[in-house]
Amino acid sequence: MTFPPLEQLEHYTTVRRGVTREHMLTNRTALDSIKAGQSVPIGTHVVLVDYQSDVLERYLVAQKTGDGIDDWQYQWFRPDGSIKADENVERCYSCHQRSRQDRQFMFTYSDAVEFE
Ligand code: HEC
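Counting starts from 1 at the beginning of each chain's written sequence and moves along it residue by residue. Where local features are concerned, this predicted model is filtered to residues with pLDDT of at least 70; where side-chain atom pairs are given and counted, the filter is 80 or more; whole-chain, interface and lining totals use all residues. Note: side-chain values were computed over all heavy atoms of the structure, leaving out hydrogens and water.

> Provide a residue-level description of the sheet that holds strand S4 (residues 55-64), including the pertinent values.
Pairing within the open sheet is antiparallel, and its 5 strands lie in the order S1-S2-S3-S4-S5. Each edge of the open sheet is held by one strand with a lone partner, namely strand S1 (10-17) and strand S5 (72-77). Across the sheet, the axes of successive neighbouring strands diverge by a mean angle of 20°, strand direction being ignored. Bridging between S1 and strand S2 (residues 20-26) involves 7 bridges; their strand directions are antiparallel. Pairing of histidine 11 across the sheet is with leucine 25, part of S2. Note on pairing: DSSP must find at least two bridges between two strands before they are called paired. Numbering goes from the N terminus for both helices and strands, where a helix is a DSSP run of H or I of at least four residues and a strand is a run of E of at least two. Only the contacting stretch of a helix is used when fitting its axis, a line to C-alpha atoms as for every element, and angles between N-to-C directions run 0 to 180 degrees.

Structure follows, in structure tokens:
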């Protein structure tokens, strides 16, 4: 898992909940794949930029790591780009797995489909 190239990603939707604001980002090719109902390219990052009361708190990142439909990795990065090593990333996977396989395990899949 590599830190995502944030400047190359598109902000496709925002989720707000109380003091939490989450910006969801991915790259243009991935958005085109999602719209076409195809798997995103290997190496694709999907990023949740988490702000608490307008302060950057963390980056939650999903990365497509292989051809298989289940080939996704999850990681948590601090604002300085370092990995939060003690985070149990199995939790990320098990919760995202409940989202449908054919939706790239993304909760905000339909937002990505609708993003122009
Ligand atoms: C208990 C369930 C749960 C867990 C655990 C969880 N997520 Fe999520 N994740 C969600 C939901 C729901 C969303 C949609 C945004 C929202 O509602 O806040 C989301 C959104 C995301 C997104 C934006 C793309 C998408 O799927 O919509 C990424 C990237 C992401 N999470 C990564 C992670 C990482 C990395 C971890 C572990 C450190 C993690 N998540 C743990 C439920 C979870």
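> Residue-level account of the site of the ligand, with values.
The nearness test applies per residue and asks whether one of its heavy atoms lies within 4 Å of the molecule or strand. Taken together, 22 residues form the shell around the ligand, and within it Glu22, Cys92, Cys95, His96 and Thr108 come nearest. Separating an oxygen atom of the ligand from a side-chain N or O atom of arginine 17 is a distance of 2.6 Å. Any N or O atom pair separated by 3.5 Å or less is treated as a polar contact, with the protein-specific requirement of one donor-capable and one acceptor-capable atom, and with residues adjacent in sequence counted only for side-chain atom pairs. In the model, a nitrogen atom of the ligand is placed 2.8 Å from a nitrogen or oxygen of the histidine 96 side chain. Elements represented by at least two residues in the shell around the ligand include exactly S1, S2, strand S3 (45-52), S4, S5 and helix H2 (89-98). Considering each element in turn, the shell around the ligand owes the most residues, 4 residues, to H2. Its residues assigned to classes, the shell around the ligand shows 15 nonpolar, 3 polar and 4 charged. Polar here means any residue other than Ala, Val, Leu, Ile, Met, Phe, Trp, Tyr, Cys and Pro, which are nonpolar, and Asp, Glu, Lys and Arg, which are charged; Gly is therefore polar.

> Pulling in residues and values, what's your account of the environment of phenylalanine 105?
Tracing the backbone shows phenylalanine 105 in the loop between H2 and helix H3 (109-114). Taking the C-alpha atoms as reference points, phenylalanine 105 and valine 47, 58 residues apart in sequence, are found 13 Å from one another. Here, two residues are considered to be in contact whenever any of their heavy atoms come within 4.5 Å of each other. When sequence neighbours within four positions are dropped, the list of residues in contact with phenylalanine 105 reads Ile69, Asp70, Trp72, Tyr74, Tyr93, His96, Gln97, Ser99 and Arg100.

> How would you explain the nonpolar core if you had to name every residue and give the values?
Membership of the largest hydrophobic core comes to 17 residues, with the highest contact counts inside it found for Tyr12, Ile34, Val46, Trp72, Tyr74, Met106 and Ala112. Residue assignment for this core shows that the elements contributing at least two residues are helix H1 (28-35), S3, S5 and H3. Residues within four places of valine 46 in sequence aside, it is in contact with Tyr12, Leu25, Thr26, Leu60, Val61, Ala62, Trp72 and Met106. Counting residues in each nonpolar core, the second largest holds 7 residues, with Leu25, Val49, Tyr59 and Phe77 among its members. Working definition of a nonpolar core: buried Ala, Val, Leu, Ile, Met, Phe, Trp, Tyr and Cys residues. They are joined through side-chain atoms within 4.5 Å. Only protein chains enter the calculation, and the probe is 1.4 Å; a residue is then buried if its accessible area is under 20% of its type maximum, exposed if over 50%, and partly exposed in between.

> An account of the coordination of the iron atom of the ligand is requested, with residue identities and associated values reported.
Water is not part of the atom set, so a site may look incomplete; the donors themselves are N, O and S atoms within 2.8 Å of the metal, or 3.2 Å for Na, K and Ca. With respect to protein ligation, the iron atom of the ligand binds only His96 (NE2), at 2.1 Å. Tracing the sequence through the fold places histidine 96 in helix H2.

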